[in-house]
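In case you want the letters, here they are:
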Amino acid sequence: MRSFHLAAVAATQVLSALAVDILVQSEGGNATSGHQYGFLHEDINNSGDGGIYAELIRNRAFQYSEAYPVSLSAWHPINGARLALNRLEEPLSDALPVSMQVSASRCSNSSVGFYNDGYWGMDVKQHTYTGSFWVRGAYDGVFTASLQSDLTDDVFGTVEIESQAVADEWVEHAFELLPTQDAPNSNNTFAITYDPRGTANGTLDFNLISLFPPTYKDRKNGLRIDIAEALEQLHPSLLRFPGGNMLEGQNNGTYWDWKDTLGPLRYRPGFQGVWGYQQTHGLGIMEYLQWAEDMNLELIVGVWAGLSLNGDVTAEEDLQPFIDDALNEIEFIRGPADSEWGSVRAELGHPEPFTLNFVEIGNEDWLAGFPVGWNSYLEYRFPMFMAAINEAYPDITVIASGASSDGGGWDIPAPGIGDYHPYREPDELVADFDRFDNDIGHIVGEVAATFPNGGGQWDDGLMQYPWWIGTVGEAVSLIGYERNADRIPGTFYAPVLRHLDRWQWAVTILQFAADPSLTTRSTSWYVWELFARFPLSRTLPATADFGPAYYVAGVDDDTGSYIWKGAVYNTTDGADLPMSLTFDGVAPGTTAELTVLTSVDGDPYAWNDAHVGVNIVDSAVTQLEANDDGAFTFSLPDLSVAVLATSPTSEGRKAKRTVGQRSSSA
């Protein structure tokens with residue numbers, strides 16, 4: 001469907017750097033509710049467990065699956081204790097059947113126990129940690145919980161918990177722990193010890209051992225503050241979950257089942273993840289919904305559609321139970337509190353329905369098991385899901401998991417829209433600038449610059465981090481999507497998070513580790529933040545002479561500001577590009593703010609390396625005034641991204657009082 005090919009991109013590199021004159025008309029354009037920016041989340045790169053999900057204890061409940069056998073990974077004995085996996089006749093729950101048996105040697109006169117080294121370390125600060133653990137076995141004494149260095153003998157905080165443990169029951173012990181000092185680094189562990197002389201034989205069983213720092217919005221079982229705040233500062237409007245391959249599962253018996261994520265942690269079995277590790281289901285559907293509520297995000301919820309990563313396809317005669325399950329999931333999210341599944345949500349503490357206007361059927365069905373999986377999607381899986389959802393919820397927009405260009409071209413049946421996933425070279429993203437000028441509706445459910453120009457793409461692997469020319473390529477694509485906001489309601493960066501100690505996919509908008517000082521905003525973060533900071537209520541027609549400058553213009557009805565977003569990609573000899581920008585109806589003397597992002601040293605391959613701590617993105621803000629002709633004049637360097645916004649007007653402020661708060665102001 002592309003009409004703007006790579007040859008056109010190459011041609012821009014030999015254009016002379018003449019002034020670009022842009023006239024923005026005051027009427028016409030795409031009257032929309034505004035293009036929205038957001039992100040997809042799936043637990044890749046330990047971005048959920050060990051990432052935005054704030055739990056500090058790794059392997060806290062000894063969960064397992066066929067692919068990932070049960071183990072004592074991350075657990076270590078203290079004072080000669082013996083640690084062993086145990087399957088009691090009465091486990092903590094059917095969902096968590098394996099516990100850790102801790103035994104003291106017969107001659108032990110000192111406390112014994114265990115420690116956990118977390119997700120490659122733990123950050124320790126002087127704030128209150130909340131924890132809990134379950135114990136089975138009689139014990140008369142106290143448990144001691146502590147945060148301590150893994151490098152020295154330093155103990156940063158400790159608390160004693162009076163034992164309530166008895167012989168034949170599982171008993172939960174909750175506690176709070178306040179360190180007396182900050183740890184100098186994240187090489188720390190969490191430990192629990194007890195005096196074996198207070199037991200019958202020195203042996204106790206433990207399970208579901210948990211420790212949380214303060215969380216985003218003080219949510220129980222919530223999100224890690226620094227990561228959540230870095231995402232919130234992107235001014236997002238959309239959250240797509242559960243992300244990508246995580247939804248599909250490795251086979252038709254291991255897909256992401258939303259029902260397994262409900263209720264107390266004691267009853268969540270975990271999930272055979274698709275990225276090389278077992279997932280806890282701690283970040284479940286309610287946590288996702290609360291995340292969206294706390295950031296004021298519009299939801300796009302993916303439902304399992306009968307295809308898994310290994311190509312397993314659900315036959316047409318067997319599909320109806322999964323359609324029913326998707327309808328139940330929708331009812332759980334947005335149904336009234338007296339409905340069957342809405343009442344379950346109400347019992348979990350949220351009687352008010354959540355807002356849900358978008359549901360996506362499957363994930364990348366054009367990829368797994370092609371062509372059989374894709375053919376089944378076109379022939380019966382997508383039509384059956386869409387018909388059932390449209391009948392029950394006519395107001396929901398149903399999204400297909402492929403684009404009109406996937407599988408050799410697909411006429412997505414109305415009223416469905418598509419989902420486009422361009423992981424590309426920068427030149428290819430620029431070539432996508434007019435991808436949707438003459439197409440039907442889509443979301444851009446996953447997009448990022450991932451490969452260098454002329455590279456081997458998937459065979460050679462991804463770049464190490466988002467890098468500047470790739471980020472500018474993304475900006476050009478984003479501008480193209482926003483020009484078509486009447487057909488493209490939203491764009492999602494993916495994947496979002498990368499744990500620096502364990503990852504499978506390098507290019508993410510944020511990088512992090514146990515140490516919050518390593519949380520790093522990538523080059524792409526700064527461009528996505530800038531564009532989302534200046535929402536367009538509607539686009540306006542503008543002079544269409546693109547390359548090497550690409551742009552979109554419009555107005556924010558909330559403020560009355562006229563806004564122009566642009567990017568310059570490859571001018572001759574890297575010359576600056578003079579710009580003259582006129583908004584029809586904007587008088588001479590009108591003021592505007594111009595924000596320009598560039599690479600600090602002009603290196604197109606520079607990136608923000610978390611281990612270096614240097615931000616290579618330079619942001620320059622200039623106050624401009626329209627000249628006697630009503631034009632704003634300025635120059636933009638090659639490989640730059642810019643936004644110009646005129647000063648707010650009294651009409652805009654009045655409109656804002658009338659319209660109310662925008663959802664994109666989270």
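Residues numbered from 1 in each chain as written. Predicted model: local features only at pLDDT ≥ 70, side-chain atom pairs only at ≥ 80, totals over all residues. Heavy atoms only, no water.

### Topic: the side chain of Thr 215
Using the following cut-off: Only runs of H or I of at least four residues qualify as helices and only runs of E of at least two qualify as strands under DSSP, and these elements are numbered from the N terminus. In what follows, residue pairs with any heavy atoms lying within 4.5 Å of each other are defined as contacts.
When you line up the elements, Thr 215 lands in the loop between strand 12 (203-212) and helix 2 (225-232). For Thr 215, the contacting residues outside a window of four places in its chain are Ala 54, Gly 222, Leu 223 and Ile 225.

### Topic: the UniProt feature "domain: Alpha-L-arabinofuranosidase C-terminal" (unreviewed entry) in the chain
To keep it simple, the criterion reads: UniProt positions are given in the numbering used here, feature names are shortened, and annotations may be inferred rather than shown by experiment.
Mapped onto this numbering, the UniProt entry gives "domain: Alpha-L-arabinofuranosidase C-terminal" (unreviewed entry) at residues 445-640. Regarding residues 445-640, the helix share stands at 14% and the strand share at 34%, and the terminal C-alpha atoms are separated by 25 Å.

### A word on the packing of helix 4 (residues 285-295) against helix 5 (residues 320-334)
For any two helices packed against each other, the geometry is given by the interaxial angle and the distance between the axes. In plain terms, the rule: To obtain each axis, a line is fitted to C-alpha atoms, and for helices this fit is confined to the stretch in contact; angles are then taken between N-to-C directions over 0 to 180 degrees. Angle categories: roughly parallel below 35 degrees, roughly antiparallel above 145, roughly perpendicular from 65 to 115, and oblique for all the rest. By convention the crossing between two helices is left-handed if the near helix lies anticlockwise of the far one by an angle smaller than a right angle, and right-handed if it lies clockwise. Under the scheme applied, nonpolar residues are Ala, Val, Leu, Ile, Met, Phe, Trp, Tyr, Cys and Pro; charged residues are Asp, Glu, Lys and Arg; polar residues are all the others, including Gly.
The interhelical angle for the contact between helix 4 and helix 5, taken along N-to-C directions, is 45 degrees, at an axis separation of 11 Å. Comparing the axis directions of helix 4 and helix 5 gives the class oblique. Here the hand of the crossing between helix 4 and helix 5 comes out right-handed. Together, Ile 285, Met 286 and Leu 289 of helix 4 and Glu 329, Phe 332 and Ile 333 of helix 5 make up the contact between the two elements. Partitioned by chemical class, the residues of the contact of helix 4 with helix 5 number five nonpolar, no polar and one charged.

### Topic: the layout of surface pockets
This is how the line gets drawn: The rule is simple: put a 1 Å grid over the protein atoms alone, call a set of points where a 1.4 Å probe fits but cannot get out a cavity, call an open set with protein on both sides within 12 Å along at least five of seven lines a pocket, and count a residue as lining if it has an atom within 4 Å of a point. Grid points are joined across faces, edges and corners, and a volume is the space filled by probe spheres set on the points.
In this structure, the largest pocket spans a volume of roughly 770 Å³. In terms of lining residues, the largest pocket is bounded by 29 residues, among which Phe 212, Lys 220, Asn 221, Pro 264 and Leu 265 are the most central. The set of elements that each furnish at least two residues to the lining of the largest pocket consists of strand 7 (129-136), strand 10 (170-177), strand 12 and helix 4. Its residues assigned to classes, the lining of the largest pocket shows 13 nonpolar, nine polar and seven charged. Of the volumes computed, that of the second largest pocket is approximately 440 Å³. As for the second largest pocket, its lining consists of 24 residues, of which Glu 364, Trp 366, Leu 367, Tyr 423 and Trp 458 are closest to the centre. Elements with a contribution of two residues or more to the lining of the second largest pocket: helix 3 (244-248) and strand 20 (423-424). Top contributing element to the lining of the second largest pocket by residue count: helix 3, with three residues. Here the lining of the second largest pocket is composed, by residue class, of 12 nonpolar, five polar and seven charged.

### So, unusual backbone geometry
Pro 495 follows Ala 494 through a cis peptide bond whose omega is -20 degrees. For Pro 495, the location among the structural elements is in the loop between strand 22 (490-493) and strand 23 (497-499). A cis geometry characterises the amide bond from Gly 547 onward to Pro 548, with omega recorded as 5 degrees. Considering the arrangement of structural elements, one finds Pro 548 in the loop between strand 26 (538-539) and strand 27 (549-556).

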